[in-house]
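What follows is each chain in one-letter form.
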Amino acid sequence: MARLSRAETQERNRAKVLTAARDEFARRGFREAKIDVIAERAELTRGAVYSNFPGKRALYFAVLADLAERSPRPAVPPRHPAAADVLAAFAGAWIARLPLATDTDSEDARLARDLLPEVLADEHTRRPFAQLMSVDAILLGLALERVRPGRRLVRVAEAALTTLHGASQLAAAAPGFGEPFHLVTACAALLELDLSDDWPTEPPITTQARPAGQPWDPPTATDLLTGEPFRPGDGVVTVLGLHRAAAFEEAVRAGADVTAVLVTSDPGELAPLARLAVADLRGCLDQAIAPPARPRLRLVCDATGELAAAAGVTAVSDATETAVRVEAGRIVVRADGYGACHAAAVGPGPSRSSSG
């Protein structure tokens, strides 16, 4: 039998820890779960668990993210649905995965019930989670706009997600309350509300784009919206810390082809939280609208920082905000700081000398 490499051994151990942790969290809940028991289930040492995950909460988020990303992809929905049908299908998919009054003590229900309490327990997770919810609203809003163009629908998406997250909490705290599928009708009706959702033609920015002339040689990345590997090409690449994650919308509204790269100073704990937030949304969006009807947008969680480094960002934090514009395989424009995404999308092109 061939000897495993160090990387292969680590990957195998990581998978064993995730499997063991899922069983332990499902049986006992997050708070009562024990790292020693998880290590024993995985046939590893406690140290081996911590070499893969910095703490129990990081492991919990990773388990939930892994499950969400591995969920079976549904049959492709209609390619030309009405916006109300998209929102109804999205809400229906969300409601269908909630525990019923008769199965609130199931393993799946116990596994997920501690997510929001753990997010709420610490400002370190609350602030990124708020931005991640804004990311989800933007993604859902952009999908709705593809089938009902003419106005921004992110506020409608925010209202729908608020309603659906509330339904999730009530399903856990008050099982059997209300008629869940009335929420499907309610969410679809949100499209008819005037929620004053105007996007400024020229959003205020406090940074300027500047010409650049570096080669663009990014690593292959995984698009969180499709689960597929890709190599970022021409367009605007935004590198955003989790305190500024939603800023990529500035480049999208400017009409750019966007690759949004999310980075964090705590990849062990916050990267799986970001993956989870997007995977949960994707699971419902997949059942509501076909991929060709979605925006020209790719979303990456860059836990290693390799893609950020390719864009010239060698030190990342949750406040990072940098954007570059790539043309013909070269970085031709760069902007840093607040408003960088808009600035890179609409800013000046390169000079002859800088563009080579």
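Remember, it's a predicted structure, so these values are computed and weren't measured experimentally. For every chain, the first residue of the written sequence is number 1, and numbering continues from 1 onward in sequence order. Two thresholds apply to this predicted model, a pLDDT of at least 70 for residue-level local features and 80 or more for giving and counting side-chain atom pairs, whereas whole-chain, interface and lining totals are computed over all residues. Heavy atoms from the whole structure form the basis of all side-chain values; hydrogens and water molecules are not counted.

**With respect to the overall build of the protein**
Put simply, the test is: Going along the chain from the N terminus, every DSSP run of H or I of four or more residues is numbered as a helix, and every run of E of two or more is numbered as a strand. Each radius of gyration is computed over the set of C-alpha atoms, and the globule rule expresses the reference value as 2.2 Å times the number of residues to the power 0.38. Between two residues, a contact is recorded if the distance between any of their heavy atoms is within 4.5 Å. Accessible surface area values rest on a Shrake-Rupley calculation with a 1.4 Å probe, where residue burial reflects the displayed protein chains alone. This count recognises Lys and Arg as positive and Asp and Glu as negative, with His and chain-terminal groups excluded. In this description, the location of a charge corresponds to atom NZ of lysine, CZ of arginine, CG of aspartate or CD of glutamate.
Scanning the protein from terminus to terminus reveals 15 helices and 8 strands. The C-alpha radius of gyration of the protein comes to 21 Å, within 12% of the 21 Å expected for a compact globule of 356 residues. Taking the principal axes of the C-alpha coordinates as reference, the protein spans close to 65 × 55 × 40 Å. Here the contacts in the protein between residues at least 6 apart in sequence split such that 74% fall between residues at least 24 apart. Of the roughly 16700 Å² of accessible surface on the protein, 52% is carried by carbon and sulfur atoms. In the protein, the 40 positive side-chain charges and the 45 negative ones have mean positions that sit 3 Å from each other.

**Examining the UniProt feature "domain: HTH tetR-type" (unreviewed entry) in the protein**
Test applied: UniProt positions are given in the numbering used here, feature names are shortened, and annotations may be inferred rather than shown by experiment.
UniProt records the feature "domain: HTH tetR-type" (unreviewed entry) for residues 11–71 in the present numbering. Taken end to end, residues 11–71 is 85% helix and 0% strand, and its first and last C-alpha atoms sit 20 Å apart.

**Some remarks on the pattern of salt bridges**
Put simply, the rule reads: The salt bridge criterion pairs a side-chain nitrogen of Lys or Arg with a carboxyl oxygen of Asp or Glu, the two atoms within 4 Å. Relative accessible area decides the class of each residue, using a 1.4 Å probe on protein chains only: under 20% of the type maximum gives buried, over 50% gives exposed, and in between gives partly exposed.
What the rule picks out here adds up to 22 salt bridges. Between Glu69 and Arg275 there is a salt bridge, with its nearest N and O atoms 2.8 Å apart. Here Arg275 lies in helix α12 (residues 267–285) and Glu69 lies in helix α4 (residues 56–70), a separation of 206 residues in the sequence. Here Glu69 falls in the partly exposed class, since its relative accessible area comes to 26%. Judged by relative accessible area, Arg275 falls into the buried class, the value being 19%. For Arg210, the salt bridge is made with Asp336, and the minimal N-O distance between the two is 2.9 Å.

**Notes on the domain arrangement of the protein**
Using the following cut-off: Those domain boundaries reflect an automatic or database domain assignment. Put simply, buried area is the surface a 1.4 Å probe can reach on two separate parts but cannot reach once they are joined, added for both. Each polar contact in these results corresponds to two N or O atoms within 3.5 Å; when the atoms are within protein, one needs to be able to donate a hydrogen and the other to accept it, and residues that are neighboring in sequence are counted only if both atoms are side-chain atoms.
Domains assigned within the protein are domain 1 (6–52) and domain 2 (81–344). Each of domain 1 and domain 2 has a C-alpha centre, and these two points are 29 Å apart. In total, about 740 Å² of surface goes out of reach between domain 1 and domain 2, with carbon and sulfur atoms giving 44% of it. Across the contact surface, domain 1 and domain 2 share 2 salt bridges. Between Glu118 and Arg31 there is a salt bridge, and its shortest N-O distance comes to 3.8 Å. Applying the counting criterion to the domain 1 and domain 2 interface returns 2 residue pairs in polar contact (both at pLDDT 80 or more).

**Some details on the UniProt feature "DNA-binding region" (unreviewed entry) in the protein**
Per the UniProt entry, the sites bearing "DNA-binding region" (unreviewed entry) are residues 34–53 in this numbering. The annotated region residues 34–53 carries 75% helix and 0% strand content, and the separation between its end C-alpha atoms amounts to 14 Å.

**Considering the environment of Gly268**
Relative to the helices and strands, Gly268 is located in helix α12. Considering only alpha carbons, one finds Gly268 and Pro54, 214 residues apart in sequence, at a separation of 6.2 Å. Setting aside its immediate chain neighbours within four residues, Gly268 contacts Pro54 and Ala58.

**Some remarks on the packing of helix α8 (residues 123–147) against α12**
For the record, the criterion: Simply put, an axis is a line fit to the C-alpha atoms, just over the touching stretch for a helix, and the angle between two N-to-C directions goes from 0 to 180 degrees. An angle below 35 degrees is treated as roughly parallel, one above 145 as roughly antiparallel, one from 65 to 115 as roughly perpendicular, and anything else as oblique. Crossing chirality is assigned from the near helix's rotation relative to the far helix, an anticlockwise turn below a right angle marking it left-handed and a clockwise turn marking it right-handed.
Following both chains from N to C, one finds α8 and α12 inclined at 25°, their axes separated by 10 Å at the closest point. By the criterion of interaxial angle, the relationship of α8 to α12 is roughly parallel. Taken as a pair, α8 and α12 cross one another with a handedness that is right-handed. Counted together, His124, Thr125, Pro128, Phe129, Leu132, Met133, Asp136, Leu139, Leu140 and Ala143 of α8 and Glu269, Leu270, Leu273, Ala274, Ala277, Val278, Leu281 and Leu285 of α12 form the full contact between these two elements.

**A short note on the nonpolar core**
Here is the rule: Residues grouped as a nonpolar core are buried Ala, Val, Leu, Ile, Met, Phe, Trp, Tyr and Cys residues, joined through side-chain atoms within 4.5 Å.
Counting 101 residues, the largest nonpolar core has Phe25, Leu59, Phe90, Leu140, Phe248 and Leu299 as the members making the most contacts within it. Taken together, domain 1 (6–52) and domain 2 (81–344) each give at least three residues to this core, which thus spans both.

**Section: helix α1 (residues 6–32)**
Our working rule: Expected helix span is computed as 1.5 Å times (number of residues minus one). The reported bend at a residue is simply the angle between two axes, fitted to the 7 residues ending at it and to the 7 residues beginning with it.
The first and last C-alpha atoms of α1 sit only 32 Å apart over 27 residues, clearly below the 39 Å expected at 1.5 Å per residue. Considering bend angle alone, the principal kink of α1 is centred on Ala26 and spans about 85°. Where α1 is concerned, the buried positions are Asn13, Val17, Leu18, Ala20, Ala21, Glu24, Phe25, Ala26, Gly29 and Phe30.

**Some words on the sheet that holds strand β8 (residues 330–336)**
The following threshold applies: Here a strand pair is declared whenever DSSP counts at least two bridges between the two strands.
What the 6 strands build is an open sheet, ordered β1-β8-β7-β4-β5-β6; its pairing is mixed. The open sheet has two edge strands, β1 (210–215) and β6 (297–301), and neither has a second partner. Between one strand axis and the next, the sheet turns through 25° on average, direction left out of account. Direction of pairing for strand β4 (residues 235–241) relative to strand β7 (residues 321–327): antiparallel, over a ladder of 6 bridges. Paired with Thr238 across the strands is Ala323, a residue of β7.

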